[in-house]
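Geometric and topological summary
Residues per chain, in single letters:
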Amino acid sequence: MPYQETMAIKQKLNSLDQKELVGNILSFDFGEKRIGVAVGNNLTKSSHPLETINTPLNSDRYKIIEKLIQIWSPIHIVIGLPLNDDGSISKMSLLAKKIKNKLKNKFNLSFSLVDERYTSTEAESILKITQKNFKKRKLVLDQVAAQIILESYFERDHHELA
């Protein structure tokens, strides 16, 4: 193979390596009782609520999360970081970081932590308009909060990987 062709192939491979991966992104809103899950695509910047994990056992929660990762094959995972109102670290922030580290050690994926302050309040406001039935709203509240977290991730200028 001539030198110029070899160099052209190397340049193409290098440019591919530098491009951002395109695909699904999963987003999680971790709460003490439930975990909201949303899915989106970083090319279209679209997202939608996916499901609510509503089980008290952490082992069951991890199994469901692992299954979702297998099904959706995300290229990236976004986790809501529940900070206190003043921006300081909360007890739940430490839990979110612990979960991120556990998943990062198990799966070869990149992760981002996104400030999730007031996402549940915003989700509740949205759902009050679109869903009048309180019980039905409660079923999707955490999913919509996860969707808002994912949309915040898409709107950021610089994606800080954590």
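Heads up: these notes are all about the structure in this document. (Residues numbered from 1 in each chain as written. Predicted model: local features only at pLDDT ≥ 70, side-chain atom pairs only at ≥ 80, totals over all residues. Heavy atoms only, no water.)

Focus: the pairing of strand 3 (residues 46-53)
Of the strand pairs in this sheet, strand 2 (residues 35-41) and strand 3 are connected by seven bridges, and their pairing is antiparallel. Looking across to strand 3, one finds that valine 37 is bridged to glutamate 51. (Pairing = 2+ DSSP bridges. Helix = DSSP H or I, 4+ residues; strand = E, 2+ residues; numbered from the N terminus.)

Let's talk about the packing of aromatic side chains
Across all of its chains, the model carries two aromatic pairs by this definition. Centroid distance tyrosine 153 to phenylalanine 154: 5.9 Å. Interplanar angle 55°. Geometry classified as tilted. As far as the burial class goes, tyrosine 153 and phenylalanine 154 line up, both buried. Positioned over the ring face of tyrosine 62 is lysine 102, at 3.7 Å from the centre of the ring. (Phe/Tyr/Trp six-rings, centres within 6.5 Å; stacked < 30°, edge-to-face > 60°. Buried < 20%, exposed > 50% of the residue type's maximum accessible area, 1.4 Å probe, protein only. Lys NZ or Arg CZ within 6 Å of the ring centre and 35° of its normal.)

Looking at the packing of helix 2 (residues 58-72) against helix 3 (residues 91-106)
Where helix 2 contacts helix 3, the axes come no closer than 12 Å and their chain directions differ by 50°. With respect to each other, helix 2 and helix 3 are oriented oblique. For the pair helix 2 and helix 3, the crossing hand works out as right-handed. Of helix 3, the residues touching helix 2 (which contributes Tyr62, Ile65, Glu66 and Ile69) are Ile99, Lys102, Leu103 and Lys106. Per-class residue counts for the contact of helix 2 with helix 3 are five nonpolar, no polar and three charged. (Axes fitted to C-alpha atoms, helices over the stretch in contact; angles between N-to-C directions. Parallel < 35°, antiparallel > 145°, perpendicular 65-115°, else oblique. Left-handed = near helix turned anticlockwise from the far one by under 90°. Contact = heavy atoms within 4.5 Å. Nonpolar A, V, L, I, M, F, W, Y, C, P; charged D, E, K, R; others polar.)

Examining the pattern of salt bridges
Summed over the entire model, instances satisfying the criterion amount to two salt bridges. The closest approach of N and O atoms between arginine 34 and aspartate 142, which form a salt bridge, is 2.6 Å. Separated by 108 residues along the polypeptide, arginine 34 in the loop between strand 1 (24-30) and strand 2 and aspartate 142 in helix 5 (residues 134-155) bring together distant segments of the chain. (Salt bridge = Lys/Arg side-chain N within 4 Å of Asp/Glu carboxyl O.)

Some details on the nonpolar core
Residues Phe28, Ile65, Ile69 and Leu103 are the most contacted members of the largest nonpolar core, which totals 22 residues. At the level of secondary structure, the elements contributing two or more residues to this core comprise strand 1, strand 2, helix 2, strand 4 (76-81), helix 3 and strand 5 (110-115). Examining the composition of this core, we find that four residues originate from one element, helix 2, more than from any other. In contact with isoleucine 65, not counting residues within four places along its chain, are Phe28, Phe30, Ile35, Ile53 and Leu103. Counting residues in each nonpolar core, the second largest holds seven residues, with Ile25, Val78, Val114 and Ile149 among its members. (Core = buried A, V, L, I, M, F, W, Y, C linked by side-chain atoms within 4.5 Å.)

Some remarks on the pairing of strand 5
When strand 4 meets strand 5, the two strands line up parallel, connected through six bridges. Counted as the bridge partner of histidine 76 is serine 110 from strand 5. Since strand 4 and strand 5 lie parallel, the crossover through helix 3 that links them has a hand, and here it is right-handed. (Right-handed = clockwise from strand over helix to strand, strands pointing away.)

What about helix 2?
The terminal C-alpha atoms of helix 2, which comprises 15 residues, lie 21 Å apart, in line with the 21 Å expected from a rise of 1.5 Å per residue. Every buried residue belonging to helix 2 is among Arg61, Tyr62, Ile65, Leu68 and Ile69, and all of these are buried. Down the axis of helix 2, the buried set is contained in an arc of 120°. They therefore lie on one face. Looking at helix 2, the residues exposed on the side facing more than 90 degrees away from the buried face are Lys63, Gln70 and Ile71. Turning to helix 2, the residues buried within the fold contact strand 1, strand 2, strand 3, strand 4 and helix 3. With its phi angle positive at about 45°, serine 73 sits one or two positions after the end of helix 2. (Expected span 1.5 Å × (residues − 1). Arc of directions from axis to C-beta.)

Notes on the sheet that holds strand 4
Pairing is mixed in the open sheet, where five strands are placed in the order 3-2-1-4-5. Both outer strands of the open sheet, strand 3 and strand 5, are each paired with one neighbouring strand and no more. Averaged over neighbouring strand pairs, the angle between their axes works out to 25° when direction is ignored. Sheet analysis places strand 1 next to strand 4, joined by four bridges and oriented parallel. Following the sheet pairing, serine 27 is matched in strand 4 by valine 78. Each of strand 1, strand 2, strand 3 and strand 4 touches helix 2; the most contacted strand, strand 3, lies at about 150° to it. Where helix 3 meets the sheet, it contacts strand 1, strand 4 and strand 5, and its direction lies at approximately 165° from that of strand 4.

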